[in-house]
Amino acid sequence: MIPHNKLTDGEPLAREKFFSPAREFGIMPFWFWNGEMDYAEMEYQLREYHAKGIPAIYIHARFGVNEHVPYISEDWFDRVKFTIEKAQEIGLQVWVYDEYNWPSGTAGQSIMRDKPRLTNRYLELVEDNIPGQYFTFMEGTDSRYHDLEQSEPVYACAILQKDLDAGNPAFIDLMPSLSFDKAISWEAPPGPWKLFFFIERQASWYADVLNEETTREFLARTHERYKAAVGSQHFGEKVRGFYTDEPAMHYFEIFKNNNTLPWSAQMFKIFRQRKGYDLKPLLPMLYYNVGPRTEQVRYDYFSALSDQYEDAYYRQISNWCHANDTNFTGHLLCEESIRLHARTGGNLFHMLRHLDMTGVDHLYPRVGTREMPSEHVALKIASSAAHQNGSTRLLCESMGGLYWDCTMERMKWVADWEYVLGVNVLNPHGFHYSIEGSRKRDWPPSQFYHHTWWPEYADFNTYMSRLGYTLSGGRHVAKLAVLYPINTVWATYTPQAPTPVGALIEAEFPYLADRLLRIHTDYDYLDEDVLAGCELRGAKLCIREEEYEALVLPAMTHIKASTLEVLERFVAAGGKVLADTLLPMQCVEGDAPDFEARVEALFGARPGAVREAYERGEDVPFALRQINRGAGLCLFAQGRGFAAEGDLETLRDAVLRMVEPEIAIDSEEIFYLHRVKDGEELFFLVNPTDGAVDAKITLCGRFAPESWDLENGGITPLHLYKVDEKQTTFAMHFEPYGSALISAAPYTGQPHLE
């Protein structure tokens, strides 16, 4: 059983503790082991951590350590044992980052070195246009004519160009003509033809995390060795948890549109076991629209990948951690881009449910803005998963790449923005053991004693501790949920370029993420499988402490049968739903008779016709269509999308038709978070801009507002506010990068000025 730990479990809110919260609510930095790791110096640094109020560190192997103390060597574990002993003596928790540098899963690259068959694989499509009456000899051992060297053949086929253009899947299997192991020899009839040669390649720098054996090796070489070194007795009190960082199904040029897809040496077996049919002859459908099965095959491929990745990696590590009474935390790769979720991370909600402390990362000196709305997406996905999975704490790897000229103002700016989106554990990246030589260039800055402001760092940690204490636990308040459209992304995904539907989602999803914050309607993302498990209480979708009164469908064309069933029941019970630009037209999983007709009955438009008009580029006037269904309400925003129109007022109108706002702020620059904890209604307000903002705040209800000063720990009433029959209004001034924590105590006639 994992020992109770305030750091992961939180504690009740008491006003008298706000001035000096428990140490466990402070920051949790990566301690970069990157030098000779001298014992005396290590003890000095551990004591520096404690002196600044820091509760815990992650041991993290980095560039520069191997030349002195090779990773996971006997010398390494001698220092691990020393760290644990000293940390327990001093009063620090020790957690372990599970890899040398990053990404996790390779045991310092040793798995691929010792067992090459466990090296990461990817699928690549090599194409050729064949005029016909043409002998083709596609040589797979070199790149004289096509880039085929260092590859293995997977499948080859050809199709007449006219059939490909018409979406007619009339393929000719060319594998019978495979010659000399890797050459396609074909006497092409009159064409023109399109030839597809699918090859498997290796990404030598990473492991095949779709293979269960890879993770077993990783656990044996890493986690089991930590346990053997420090002893299995009370292991969970010595090593409080393991942090996994940016594993991925696919690790080749992941940010580029190209002809590569995630793969495994046993992919055909994986797919047949999970989906019940042969993927090989259908591989062209992953790149081109060829027949009515295309989008179902794509969905099946990506969902099989995601399920396999979850079982092979996250589930195994979680099970090991729990069997050894320790925590599992970390974060995924490319959380900001839903298109990249398909290629690298799968369904993020499925992976995050295995973490005991949900995690996310945010790097660089920037925050989410109108111009960079996708920065919000990663944090909102993680905070939503934390709310729905019961993770009291949400960790954010942060501050990496903030530059050596980083100031505490810059750190506060980034941290406030992260916390207003739901984070409550700051995980600085990182605190360098040494900045000698090139080490100073390893994701600067070091936020450790090397920096000029280190003597004042305790003040920053205290500020973060007060935030962490007040914002951990209790109940997050959001009336709106936005459906996570991963199933539509999978069904419409092509790796070489986004499809029209894919491009629309990639525009709408982050646009809504930012603009909903600016109209002060907080929200959670909701995965379809999580939605299926929600309890319908009256006209609310409920899971754990979350209660959603309205649901947004962000440009979705493919959903599960369970999702449609919940939509129908929700609307019938009085729930409100907004569909953005497109409507679900195909059921990808489960049995849903009369699917399109049922969706049309909800929204008053035929889903297939809506998609066809969008993809043809028809000039459909942007408008909000409303369909009343008894006490329920369905809205359909038809046209080219909120992002294309830039129409914030229509979005605001749609939201106000669905929910009554709990807060109104007359500035789009101010973000807010509302939590209820132990009887306290807490509103965290943040100005993430470099300009001062004067704002009028209106709370729904009669309150006597109080200021909880995060810098000095005082709690004082606001004396200037107005209370009328249904609301409370007060003015606030926010300095650049300013913030405020306000509690809303019940109004009982307290003296005040209006």
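Described below are features of the structure shown in this document. Note that the coordinates shown come from a computational prediction; the quantities given were computed from them, not determined experimentally.

Here we take up the overall build of the protein chain. If you tally the helices and strands in the protein chain, you get 23 helices and 38 strands. Relative to a compact globule of 754 residues, whose C-alpha radius of gyration would be 27 Å, the protein chain shows 27 Å and is just as compact. Counting only C-alpha atoms and orienting by the principal axes, one finds that the protein chain spans roughly 90 × 70 × 45 Å. Among the 754 residues that make up the protein chain, the fraction classed as buried is 63%. Sequence-distant contacts, at least 24 apart, represent 79% of the contacts inside the protein chain between residues at least 6 apart. For the protein chain, the exposed area adds up to about 26,800 Å²; of that, 49% sits on carbon and sulfur atoms. Within the protein chain, one finds 72 positive and 109 negative side-chain charges whose respective centroids are separated by 2 Å.

Scanning the model with the defined rule gives 54 salt bridges in all. Among the salt bridges present, the one from Arg-15 reaches Glu-706, with a minimum N-O distance of 2.5 Å. Separated by 691 residues along the polypeptide, Arg-15 in the loop between α1 (6–9) and β1 (30–33) and Glu-706 in strand β34 (residues 703–708) bring together distant segments of the chain. Note on Arg-15: relative accessible area 32%, which makes it partly exposed. With relative accessibility at 15%, the residue Glu-706 sits in the buried group. One salt bridge connects Lys-194 with Glu-127, and the closest N-O pair in it is separated by 3.6 Å. In this pair, Lys-194 sits in strand β10 (residues 193–207) while Glu-127 sits in strand β4 (residues 119–130), placing the two residues 67 residues apart along the sequence. On the basis of relative accessible area, Lys-194 is assigned to the buried category, the value being 11%. Taken together, the shared-partner salt bridges connect Arg-370, Asp-514, Arg-515, Arg-518, Glu-649, Arg-652, Glu-668 and Glu-669 into one network.

Turning our eyes to something else, we now look at the packing of aromatic side chains. What the rule picks out here adds up to 57 aromatic pairs. Ring centres of Tyr-206 and Tyr-251 lie 4.9 Å apart, and the angle between their planes is 65°; on these two criteria the pair is classed as edge-to-face. Of this pair, Tyr-206 sits in strand β10 while Tyr-251 sits in the loop between β11 (241–245) and β12 (260–263); the two residues are 45 residues apart in sequence, bridging distant segments of the chain. Tyr-251 matches Tyr-206 in its accessibility class, with the two residues each being buried. Aromatic pair Tyr-314 and Phe-328: ring centres 6.5 Å apart, planes at 40°, arrangement tilted. Linking Tyr-314 in helix α10 (residues 294–323) with Phe-328 in strand β13 (residues 327–331), this pair joins segments that are 14 residues apart in sequence.

What follows deals with unusual backbone geometry. The bulk of non-glycine residues show a negative phi, and the bulk of peptide bonds are trans. For the bond running from Trp-102 to Pro-103, omega is 0°, close enough to zero to count as cis. Its place among the elements puts Pro-103 in the loop between β3 (93–100) and α4 (110–114). For the bond running from His-429 to Gly-430, omega is 5°, close enough to zero to count as cis. Along the chain, Gly-430 falls in the loop between β16 (425–428) and β17 (431–432). The phi dihedral of Arg-544 falls on the positive side, at around 50°, and the residue is not glycine. Take Arg-544: it is sitting in the loop between β22 (540–543) and β23 (546–548).

It is worth spelling out a nonpolar patch on the surface at this point. A contiguous nonpolar patch, built from Phe-135, Phe-137 and Phe-180 and spanning about 380 Å² of accessible area, is present on the exposed surface. Inspection of the secondary structure assignment puts Phe-180 in the loop between β8 (178–179) and β9 (183–188). Judged by its relative accessible area of 71%, Phe-180 is exposed.

A word on the nonpolar core. By size, the foremost hydrophobic cluster in this structure holds 213 residues, and its most contacted members are Trp-76, Phe-198, Tyr-301, Leu-551, Phe-603 and Phe-684. Considering every element that reaches this core, the biggest residue donor is α10, with 12 residues. With near-sequence residues (within four places) excluded, Phe-684 lies in contact with Asp-416, Tyr-419, Val-420, Leu-467, Leu-471, Phe-671, Tyr-672, Leu-673, Leu-710, Ser-739, Ala-740 and Leu-741. One finds Tyr-672, Val-693, Leu-699 and Val-723 within the second-largest nonpolar core, a separate group that totals 20 residues.

This part is about helix α14 (residues 408–420). With 13 residues, α14 should reach 18 Å at 1.5 Å per residue; the first-to-last C-alpha distance of 18 Å fits that figure. Among the 13 residues of α14, 11 are classified as buried, and the element is accordingly described as predominantly covered. Of all the residues in α14, the buried ones are Arg-410, Met-411, Lys-412, Trp-413, Val-414, Ala-415, Asp-416, Trp-417, Glu-418, Tyr-419 and Val-420. Where α14 terminates, the next one or two residues include Gly-422, which has phi positive at roughly 120°.

Turning next to the sheet that holds β11. In a beta sheet, neighbouring strands pair by backbone hydrogen bonds and run either parallel or antiparallel. An order of β13-β11-β3-β2-β1-β17 is seen for the 6 strands of this open sheet, with the pairing classed as parallel. Looking at strand neighbours, the two that pair on one side only are β13 and β17, the edges of this open sheet.

Moving on: the environment of Lys-52. Summarising the element assignment, Lys-52 is placed in the loop between α2 (39–51) and β2 (56–61). Residue classification places Lys-52 among the buried residues on the basis of a relative accessible area of 11%. Separated by 43 residues in the primary sequence, Lys-52 and Asp-9 place their C-alpha atoms 22 Å from one another. Apart from the residues within four sequence positions on either side, Lys-52 is in contact with Trp-454, Pro-455, Tyr-457, Ala-458 and Asn-461.

What follows is about the side chain of Asp-527. With respect to the secondary-structure elements, Asp-527 resides in the loop between β20 (523–526) and α18 (528–532). Contacts of Asp-527, omitting those with residues within four sequence positions, involve Asn-347, Phe-349, His-350, Tyr-484 and Ile-486.

Take the sheet that holds strand β28 (residues 623–629) next. Pairing is mixed in the open sheet, where 6 strands are placed in the order β20-β19-β24-β26-β29-β28. Edge positions in the sheet fall to β20 and β28, since each of these pairs with one other strand and no more. Averaged over neighbouring strand pairs, the angle between their axes works out to 20° when direction is ignored.

The next point concerns helix α13 (residues 374–389). Along its 16 residues, α13 runs 23 Å from first to last C-alpha, staying within 8% of the 22 Å computed at 1.5 Å per residue. Burial runs high along α13: 14 of the 16 residues are buried. Backbone geometry just downstream of α13 places Gly-390 in the positive-phi region, at approximately 80°.

Let us look at the state of the cysteines. Summed over all chains, the structure comprises 0 disulfides. The structure places no disulfide on Cys-534, whose sulfur is separated from the nearest cysteine sulfur, that of Cys-542, by 7.6 Å. Assessed through its relative accessible area of 11%, Cys-534 is described here as buried.

Another point: the packing of helix α6 (residues 212–221) against helix α7 (residues 223–230). The geometry of α6 relative to α7 is characterised by a closest axis approach of 3 Å and an angle of 20° between their N-to-C directions. If you check the angle between α6 and α7, you find them roughly parallel. Residues Phe-218, Leu-219, Ala-220 and Arg-221 of α6 touch α7, and the partners they reach there are His-223, Glu-224 and Arg-225. Residue composition of the contact of α6 with α7, by class: 3 nonpolar, 1 polar and 3 charged.

Conventions used here
Residues numbered from 1 in each chain as written. Predicted model: local features only at pLDDT ≥ 70, side-chain atom pairs only at ≥ 80, totals over all residues. Heavy atoms only, no water. Helix = DSSP H or I, 4+ residues; strand = E, 2+ residues; numbered from the N terminus. Rg over C-alpha atoms; globule rule 2.2 N^0.38 Å. Buried < 20%, exposed > 50% of the residue type's maximum accessible area, 1.4 Å probe, protein only. Contact = heavy atoms within 4.5 Å. Areas by Shrake-Rupley, 256 points an atom, 1.4 Å probe, with all protein chains shown as cover. Lys, Arg positive; Asp, Glu negative; His and termini not counted. Charge placed at Lys NZ, Arg CZ, Asp CG, Glu CD. Salt bridge = Lys/Arg side-chain N within 4 Å of Asp/Glu carboxyl O. Phe/Tyr/Trp six-rings, centres within 6.5 Å; stacked < 30°, edge-to-face > 60°. Patch = residues over 30% accessible without salt bridge, like charges linked within 9 Å, V, L, I, M, F, W, Y side chains within 5 Å. Core = buried A, V, L, I, M, F, W, Y, C linked by side-chain atoms within 4.5 Å. Expected span 1.5 Å × (residues − 1). Pairing = 2+ DSSP bridges. Axes fitted to C-alpha atoms, helices over the stretch in contact; angles between N-to-C directions. Disulfide = S-S within 2.5 Å. Parallel < 35°, antiparallel > 145°, perpendicular 65-115°, else oblique. Nonpolar A, V, L, I, M, F, W, Y, C, P; charged D, E, K, R; others polar.

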